[in-house]
Structures are given as C-alpha cells and as structure tokens.
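The residues making up each chain are set out below.
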Amino acid sequence: MAVVQAHLPDLVPWARTVEAFWLDPAEQARRDRFLREADRDAFLARRCLLRAALAERLGIEPAAVPLAPAPGAAGRHGKPAVPGLHFSLSSSGGHILIAMGPRDLGIDVERVPDFVGGEQMSAILHPAERRRLAWTSRRRRPAAVARVWARKESLLKAMGVGLSRDPSVDRVGAGRFPGHPLPGWRILDLPLGSGGEDARAALTVSEPWTDRRSKM
Ligand SMILES: CC(C)(COP(=O)(O)OP(=O)(O)OC[C@H]1O[C@@H](n2cnc3c(N)ncnc32)[C@H](O)[C@@H]1OP(=O)(O)O)[C@@H](O)C(=O)NCCC(=O)NCCS
C-alpha cells in the first residue's frame, strides 16, 4: 500500500510540460470542458500525477496506463480502475492524495470549511454524527465536520458508489476514532503533516477474508 501526497499548485507547471504526451483523447476533451482555468489546472495536475504514480507501480510509461471508469452503482461516474492495481484519488484546496495497493480502497481529503459551509455539510450526515458535531464547540466544529466527511467519502469511494449512496446511512463516526459501519471495510484517519492543518483526510481499505456482501 502506498499513499502519494502533493501540493496541487506546485504540480501545475510540470503538468503543462507533460500533458500533450500523456493525456488520452477522452482526458483532453474533459480538460477542455472546464470553463475556469483554475479547474482546468487542478484536473491536469491530478491526472498527470495519477498517471506518473500508476506508471511507476505498473512499470510502464505514463501514457500507456489504461485508465478507465469501471461500470458500477454510480453508472458512468463509476470508480476509475486499472487492471491489476487498486487506486483512489482525491483533491481539495491545494491538497492531492493518491492511494494505491493490492486491495480495494478509497481515499478522501476535505478542506476545512468555514462555519456556515460546515453546518451545511453536517446537515446531511448520519443523525448520530450530527448530534456529536452539534456538541462540538463552535471553534472546533468546521474541522470536525471535515474529518467526518473525509471518513465518509473515503468509505463511499472505496465501495465505488460515491455520493450516489446517501451520506446519512453509514455511521463513520464524529468522535476521536473512526467507526466501523460496514463489515469488510476499515476506515483510518490520515495525518497530513506540516502544511495540512487546513484539511482532514481518511483512507478506507478492504479487510481481507470478509464477505462484504453479507450485511450491506
Ligand atoms: C466520487 C465523488 C465522491 C468524488 O467527490 P469529490 O469530493 O468531488 O472529489 P475527490 O477529489 O475527492 O475525488 C475525485 C476522484 O474520485 C474518483 N471517483 C470518481 N467517481 C468515483 C466513484 N464512483 N467511486 C470511487 N472513486 C470515484 C476519480 O478518480 C475522481 O478523480 P477525477 O475527477 O480526477 O477523475 C463524487 O464525485 C461522486 O459521488 N460521484 C459519483 C456519484 C455521482 O454520479 N454523482 C453525480 C455527479 S453528476
């Protein structure tokens, strides 16, 4: 298992030098659909980093990485996949995280919102998470909300369903340690280190030897 962490703005100049050689026609078309330059740059940076990281693991050229969305519960927005390697990517604010490994996984990073944004994000969580967050002091609440969202989205991305599954269903926990809402999936908080104080991150990995179909 490997986690790659990068600062998005630092990658943009490099990504611009390799994009013409690495992106496939579908990726170029997607890049060209972004109206704002900042969104285009963010897509470019994370896609070039993803190709570089996967190429390293697979021992092939970045342009040869066969990236494709897997058909899944989220339809055409299914979890992207490459044969023989599991990976997950997330970006928020200036942060990019990529996790790769031999088992199913999902990663998420969430920038700490402002107070009002945090209250909106909190409103659609599991009732027990909302209650716990409501007891958290006003000063600490936005970071606590970002932590719950990172846990939640890492789980939903590991499962491949994303936000097509209602975020109020699975109780990932708003306390100090993540919960264990579904058999077969282990949620871990990820420290972001220096420079990561403005965001929270989590990784969900599949546990071996568990039949995940049994209790979903
Ligand atoms: C997956 C999802 C949770 C991502 O959330 P986000 O906070 O906006 O973005 P993140 O940076 O954390 O993750 C984006 C990455 O998740 C991955 N991803 C996309 N769909 C995914 C899925 N169903 N399962 C797991 N990972 C997925 C991709 O690698 C994507 O990177 P890309 O945009 O460069 O291709 C969200 O987009 C989602 O729920 N999508 C599926 C549900 C859906 O179809 N919604 C309707 C959209 S029109």
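What comes next concerns the included structure. Just so it is clear, the model here is predicted, and its values are computed rather than measured.

**Quick notes on the side chain of Ser88**
Here Ser88 lies in strand S4 (residues 86–92). In terms of polar contacts, Ser88 uses its side chain to reach the backbone amide nitrogen of Ile107, at 2.9 Å.

**Considering the pairing of strand S8 (residues 199–206)**
A regular strand carries its side chains on alternate faces of the sheet. Along S8, 7 of the 8 residues are buried, which leaves the element largely enclosed by surrounding structure. Strand direction decides the pairing type here: strand S6 (residues 105–111) and S8, joined by 7 bridges, are antiparallel. The residue bridging Leu105 from the neighbouring strand is Val205, located in S8. Where strand S7 (residues 185–190) meets S8, 6 bridges bridge the pair, whose relative direction is antiparallel. Pairing of Leu190 across the sheet is with Ala201, part of S8.

**Focus on the pattern of salt bridges**
Considering all chains together, one arrives at 15 salt bridges under this definition. With its nearest N and O atoms 3.4 Å apart, the salt bridge here joins Arg36 to Asp39. Owing to a relative accessible area of 52%, Arg36 belongs among the exposed residues under this scheme. Residue Asp39 is classed as partly exposed on the basis of its relative accessible area of 29%. Between Glu207 and Arg186 there is a salt bridge, with the nearest N and O atoms lying 2.9 Å from each other. One end of the pair, Glu207, is in the segment after S8; the other, Arg186, is in strand S7, with 21 residues separating them in the sequence.

**Quick notes on the sheet that holds strand S5 (residues 95–101)**
Ordered in space as S1-S5-S4, the 3 strands form an open sheet in which the pairing is antiparallel. The open sheet terminates on both sides in strands that have one partner only, identified here as strand S1 (2–7) and S4. Looking at each pair of strands side by side, their axes are set apart by 10 degrees on average, direction ignored. Across 6 bridges, the pairing between S1 and S5 is antiparallel.

**Observations regarding the nonpolar core**
Formed by 20 residues in total, the largest nonpolar core has its most connected members in Leu54 and Ile98. Secondary structure elements with two or more residues in this core: helix H1 (8–22), helix H3 (37–58), S4 and S5. Among the elements that line this core, the one with the most residues is H3, at 7 residues. Sequence-distant contacts of Leu54, that is, excluding residues within four places in its chain, are made with Val65, Leu67, Val82, Leu85, Phe87 and Met100. Leu133, Trp149, Leu155 and Ala174 belong to the second largest nonpolar core, which has 17 residues in total.

**Considerations on the layout of surface pockets**
By volume, the second largest pocket amounts to about 190 Å³. Lining the second largest pocket are Arg132, Thr136, Arg140, Ala143, Ala144, Arg147, Ala174, Gly175, Arg176 and Arg200. In terms of residue count, helix H6 (residues 141–159) provides more of the lining of the second largest pocket than any other element does, 3 residues in total. Of the residues contributing to the lining of the second largest pocket, the split by class is 3 nonpolar, 2 polar and 5 charged.

**Re the sheet that holds S8**
Strand order in the open sheet formed by 3 strands is S6-S8-S7, with antiparallel pairing between adjacent strands. Two strands lie at the open edges of the sheet, namely S6 and S7, each paired on one side alone. When strand polarity is set aside, the average angle formed by the axes of neighbouring strands in this sheet is 15 degrees. Strands S6, S7 and S8 of the sheet are contacted by H6, whose axis makes an angle of about 155 degrees with S6.

**Considering the packing of helix H5 (residues 127–135) against H6**
H6 packs onto H5 with a crossing angle of 160 degrees between their chain directions and a minimal axis gap of 9 Å. It follows that H5 is roughly antiparallel to H6 by the angle criterion. The hand of the H5/H6 crossing is right-handed. The residues of H6 that touch H5, namely those facing Glu129, Leu133 and Ala134, are Arg141, Ala144, Val145, Val148 and Lys152. Tallied by class, residues from the contact of H5 with H6 come to 5 nonpolar, no polar and 3 charged.

How each quantity is defined
- Residues numbered from 1 in each chain as written.
- Predicted model: local features only at pLDDT ≥ 70, side-chain atom pairs only at ≥ 80, totals over all residues.
- Heavy atoms only, no water.
- Helix = DSSP H or I, 4+ residues; strand = E, 2+ residues; numbered from the N terminus.
- Polar contact = N/O pair within 3.5 Å; in protein donor to acceptor, adjacent residues only side chain to side chain.
- Buried < 20%, exposed > 50% of the residue type's maximum accessible area, 1.4 Å probe, protein only.
- Pairing = 2+ DSSP bridges.
- Salt bridge = Lys/Arg side-chain N within 4 Å of Asp/Glu carboxyl O.
- Axes fitted to C-alpha atoms, helices over the stretch in contact; angles between N-to-C directions.
- Core = buried A, V, L, I, M, F, W, Y, C linked by side-chain atoms within 4.5 Å.
- Contact = heavy atoms within 4.5 Å.
- 1 Å grid on protein atoms, 1.4 Å probe; cavity = no way out; pocket = protein on both sides within 12 Å on 5 of 7 lines; lining within 4 Å.
- Points joined across faces, edges and corners; volume = space filled by probe spheres on them.
- Nonpolar A, V, L, I, M, F, W, Y, C, P; charged D, E, K, R; others polar.
- Parallel < 35°, antiparallel > 145°, perpendicular 65-115°, else oblique.
- Left-handed = near helix turned anticlockwise from the far one by under 90°.

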